[in-house]
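In case you want the letters, here they are:
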Amino acid sequence: MRIGYAASANAQTMNEIRAALPTWNVNTFAEFFLSKLPHLAHAAKQSWTRVGSNRDKLYADLRSIDGMSVLKPDANFVFCELPPHWPDGDVIASKLLNDRGILIRHNGGKTLQNGKRFLRIASRTEEDNKLLVEALKDIAD
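Residues numbered from 1 in each chain as written. Predicted model: local features only at pLDDT ≥ 70, side-chain atom pairs only at ≥ 80, totals over all residues. Heavy atoms only, no water.

Student: I would appreciate a short explanation of the overall build of the protein in the present structure.
Tutor: Across its full length, the protein holds five helices and four strands. Helices and strands in the protein line up, N terminus first, as α-α-α-β-β-α-β-β-α. A buried classification covers 26% of the 141 residues belonging to the protein. Counting contacts in the protein only where the partners sit at least 6 residues apart, residues at least 24 apart contribute 52% of the total. For the protein, the exposed surface amounts to about 10100 Å²; the carbon and sulfur share of it is 54%. (Helix = DSSP H or I, 4+ residues; strand = E, 2+ residues; numbered from the N terminus. Buried < 20%, exposed > 50% of the residue type's maximum accessible area, 1.4 Å probe, protein only. Contact = heavy atoms within 4.5 Å. Areas by Shrake-Rupley, 256 points an atom, 1.4 Å probe, with all protein chains shown as cover.)

What follows is the structure in structure tokens.
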């Protein structure tokens, strides 16, 4: 339940804002809620470790797709530029949903230049991620 966004061409200002942010950038409501659940701290850390591991494996597997340009992730999703010979992201997303029941986000219509050539893929379980990568590799064939 986080709301907020900051953008600036002033690198010093952005660095000062980042330095002031907490390690886990959550809003006051979420911070209060989490503070009331200290018995979940160990489980939360295990979950964060598992999510990070699954995301890193997804990143590596996506990089193995010929022509796919994959940005190193810091969040629980991976941002990819499609290979030049592939259809646009909306076509890929529709094909995955219709043929495999896999939902991914394409970036067509976003302010990103040539956004239609990019996918934003949320990391899920290791098994789900494997199915997604296999489906993408089938598209490449």
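Student: Explain the packing of helix 4 (residues 89-100) against helix 5 (residues 126-140) here, please?
Tutor: Helices that pack against each other are described as a pair by the angle of their axes relative to one another and the distance between those axes. Where helix 4 contacts helix 5, the axes come no closer than 11 Å and their chain directions differ by 115 degrees. Of the possible angle classes, the one that applies to helix 4 and helix 5 is roughly perpendicular. Relative to helix 5, helix 4 is oriented so that their crossing is right-handed. Residues Ile92, Lys95, Leu96 and Arg100 of helix 4 lie in contact with helix 5, whose contacting residues are Leu132, Ala135, Leu136, Asp138 and Ile139. Residues of the contact of helix 4 with helix 5, tallied by class, amount to six nonpolar, no polar and three charged. (Axes fitted to C-alpha atoms, helices over the stretch in contact; angles between N-to-C directions. Parallel < 35°, antiparallel > 145°, perpendicular 65-115°, else oblique. Left-handed = near helix turned anticlockwise from the far one by under 90°. Nonpolar A, V, L, I, M, F, W, Y, C, P; charged D, E, K, R; others polar.)

Student: How should I be thinking about the pattern of salt bridges in this particular structure?
Tutor: Pairs can form between side chains of opposite charge once their charged atoms are near each other. For the coordinates displayed, the defined rule picks out seven salt bridges. Residue Asp88 is joined to Lys116 by a salt bridge in which the shortest nitrogen-to-oxygen separation is 3.9 Å. Remark: Lys116 occurs in the loop between strand 3 (105-106) and strand 4 (118-122) and Asp88 occurs in the loop between strand 2 (77-81) and helix 4; sequence separation between them is 28 residues. The partly exposed category is assigned to Asp88, whose relative accessible area is 23%. We note a salt bridge from Asp128 to Arg124, for which the minimum N-O separation is 3.0 Å. On the accessibility criterion, Asp128 (28% relative accessible area) is partly exposed. We classify Arg124 as exposed; its relative accessible area is 57%. By sharing partners, the salt bridges in this structure join Asp88, Lys116 and Arg117 into a single network. (Salt bridge = Lys/Arg side-chain N within 4 Å of Asp/Glu carboxyl O.)

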